[in-house]
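Residue strings, one per chain:
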Amino acid sequence: MALLAGAVAFFFRQEVLSTLSDVSGGDVTWARQLLHNAVHGRLFESSVCHNSLGGVVHNPWAYANNTGNHVNLTPYFFGWLYALWPTLAGYYAVSLLAQYGGLALFFWLAARSAAAVQAEARAWLVVALLLLSAGLFWTATFNGLFPLYLAPFFAAMVYALEADRPVVYAASLVLALLVSEDSAMFLSCFGFTLAALRPERRRWGVATWLAGALWSAAAVLWLQPAARVGMELSAQTNMADRLMRTTTADGVRRWLGSLLELLRAVAVFAPALAFAALSAGRTLKETLREALPMLFLAPAVHWLVTIMAGGGHHWMPVFLCLFYILLRLLCAPGAAPLPATASGLARPAAAALGVYFALNTFGLYYKPVKYLVKGVVLPPLLGYPAPDHSAKVAHNLRVLEFVDSIPAERSVTYFINDYLTAYTAGRSDFWWFPAYFDQADLLLIDKDGTDFEWRKVDFRLPSEVRGFLESLVGPDGRVPAPKLALLRDRLAGPGGTHRVLRDDADLLVLERLSPGLLPASPTSRGLSFLRRGPRADGSAFSNPGMSLKSVEGPLP
């Protein structure tokens, strides 16, 4: 447990608090903003989903109902906990607490309920095997995805399954299904596998199979299309298009890479299965008979996404199936008595295997390895000084300090590094530059920023404006000082629409003199998926359906 606590502390120190980590960019930005908006009465509303070609839809609006992307419900239950510490560190703390807390509680109960004989030793062995399987911490922090919140509810399902408590199972199943449509697809496959492997729980498995299939079908065929008013699907989400790409040379390489991801995932879990079979006195044949279907058939949707997307999405479905297998091997009714050595060494094994857990976790988790190898191990061996990230961290902290000082009701367009975006996601109205750069209340440009986003996004801008924006960025991805001055002078010069709020070594911040019009979809709030009139507060939408036209004043 001390090693686990150390891994968590290392994660927060090196990944979150350092401001230099990949875990503060990408999907966690989307997840944190959605939780923030839910707490502040803007359920399902997202500005992060604006027009991203790398996402699900081409969105012509300033906001989107995120249900058009993923149907998430249960994760919002954790919003009250996030509100106690509404920061990026707080978001990860809530996510880790939900997963580790739920898994520890329900798997401990399942172990004790299913095997009264040697229950204490068996429960400790389960803990040891969870550590041995490694990858848990990597999986639990993978970009802060909402599907990670499946863990505690699936754990409750397994507890109810082994303790023969159908009401608890049904309630847990409903909560698990509502995590996301991805979770519902996985649970449908899990139910099918459960019905095939365990005749005494066939009814439970069939009910899970049907519930998962019906809810995922409703989510994909009804809820998501209903929330995509005025939007169109990205080609990236088209399964037929992805299948065609797998026939090309590049597609074959991506497919082979996906298979390696699959084998890598299973390899991480292999030691835990071997140790569980040995401890329970099971033969290899008995172990494989239940383990293989649960590791490959139950998370079939995960493997499909891995192959179609050309890389591992996340390992939570596979890891949860491993939990189930471990409990079945060690704690199923009628399980063989534990060997004396296994019973007596359960607690020491949990501690010793924690070392394996820690090493595998750091090996799987890219950033700590990069920091440790490049920043600690190699410098003294190769005779060069260790890199000093203090200046970059200090700059990032100054940028974030200014961002935190902006009132939450102000809309902002940012040009900052991607690994800082999740730190800024505690507000409802922000976009990546150049989206609405001439219409948001503030335009904020990090002078050390390199993640210019226009290449990824369809802004439907006039060609001359797009050409000007493209010309701003230098070969290193930054906006050179002369081009930055040009942008400032054209927006905040005589007759311009903005004024200079801050211009120093860290930031250029321009404030719009009068409110701009943002194209907002009539379905951007709440559960209303119909084209209805005014917002709930009575105000009208600003030109719904218009294409964004920018820079009509000082820019060409």
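The structure displayed is predicted, hence computed values, not measured ones. (Residues numbered from 1 in each chain as written. Predicted model: local features only at pLDDT ≥ 70, side-chain atom pairs only at ≥ 80, totals over all residues. Heavy atoms only, no water.)

Caption draft 1: Region of the structure containing the sheet that holds strand S7 (residues 442–446). Pairing is mixed in the open sheet, where five strands are placed in the order S6-S5-S7-S9-S8. Each end of this open sheet is capped by a strand with a single partner; those strands are strand S6 (430–432) and strand S8 (498–503). Within the sheet, the average angular offset between the axes of one strand and its neighbour, ignoring direction, is 20°. Set on the sheet, helix H19 (residues 390–405) makes contact with strand S5 (412–415), S7, S8 and strand S9 (507–512); between it and S7 the angle comes to about 175°. (Pairing = 2+ DSSP bridges. Helix = DSSP H or I, 4+ residues; strand = E, 2+ residues; numbered from the N terminus. Axes fitted to C-alpha atoms, helices over the stretch in contact; angles between N-to-C directions. Contact = heavy atoms within 4.5 Å.)

Caption draft 2: Structural view of the layout of surface pockets. The space that makes up the second largest pocket amounts to roughly 370 Å³. If you trace the second largest pocket, you find 21 residues lining it, with Arg-32, Pro-86, Thr-87, Asp-404 and Tyr-423 closest to the centre. Only helix H2 (27–39), helix H4 (88–114) and H19 provide two or more residues apiece to the lining of the second largest pocket. Top element by residues in the lining of the second largest pocket is H19. It accounts for four residues. Considering only residue class, the lining of the second largest pocket consists of 13 nonpolar, five polar and three charged. (1 Å grid on protein atoms, 1.4 Å probe; cavity = no way out; pocket = protein on both sides within 12 Å on 5 of 7 lines; lining within 4 Å. Points joined across faces, edges and corners; volume = space filled by probe spheres on them. Nonpolar A, V, L, I, M, F, W, Y, C, P; charged D, E, K, R; others polar.)

Caption draft 3: Quick peek at helix H8 (residues 166–177). Between the first and last C-alpha of H8 there are 16 Å, a value that for twelve residues agrees with the 16 Å anticipated at 1.5 Å per step. Next to the buried residues of H8 lie helix H7 (150–163), helix H9 (181–197) and helix H10 (202–227). (Expected span 1.5 Å × (residues − 1).)

Caption draft 4: Structural view of the packing of aromatic side chains. If you walk through the whole model with that rule in mind, you get 21 aromatic pairs. Ring centres of Trp-30 and Phe-146 lie 5.4 Å apart, and the angle between their planes is 50°; this geometry places the pair in the tilted category. One end of the pair, Trp-30, is in helix H2; the other, Phe-146, is in the loop between helix H6 (136–140) and H7, and 116 residues separate them in sequence. Both residues of the pair, Trp-30 and Phe-146, count as buried. When the ring of Tyr-414 is compared with that of Phe-430, the centres are 5.4 Å apart and the planes differ by 65°; the resulting orientation is edge-to-face. (Phe/Tyr/Trp six-rings, centres within 6.5 Å; stacked < 30°, edge-to-face > 60°. Buried < 20%, exposed > 50% of the residue type's maximum accessible area, 1.4 Å probe, protein only.)

Caption draft 5: Seen up close, the state of the cysteines. Under the counting rule described, the total for this entry stands at zero disulfides. Free of any disulfide, Cys-189 has its nearest cysteine sulfur in Cys-321, 9.3 Å distant. (Disulfide = S-S within 2.5 Å.)

Caption draft 6: Quick look at the environment of Leu-491. Of note, Leu-491 is situated in helix H21 (residues 481–492). Judged by its relative accessible area of 1%, Leu-491 is buried. Each C-alpha atom, one on Leu-491 and one on Leu-510, is 8.2 Å from the other, the two residues being 19 residues apart in sequence.

Caption draft 7: Layout of unusual backbone geometry. Its identity is not glycine, yet Phe-44 carries a phi of approximately 70°, on the positive side. Summarising the element assignment, Phe-44 is placed in the loop between H2 and strand S1 (45–46). In this structure Phe-44 comes out as buried when scored by relative accessible area, which is 3%. One non-glycine residue, Asp-164, lies in positive phi territory at about 60°. The topology assignment puts Asp-164 in the loop between H7 and H8. Using a relative accessible area of 47% as the deciding quantity, one classes Asp-164 as partly exposed.

Caption draft 8: Highlighting the pairing of S9. Of all six residues in S9, six are buried, a share of seventy percent or more. On S9, burial covers both faces: Leu-507, Val-509 and Glu-511 on one face and Leu-508, Leu-510 and Arg-512 on the other are all buried. Two elements, S7 and S9, share five bridges in a ladder whose sense is antiparallel. Pairing of Asp-446 across the sheet is with Leu-507, part of S9. Taken together, the five bridges between S8 and S9 define a ladder with antiparallel strand orientation. What sits directly across from His-498, in S9, is Arg-512. Here S8 folds back onto S9, and the loop between the two strands holds three residues.

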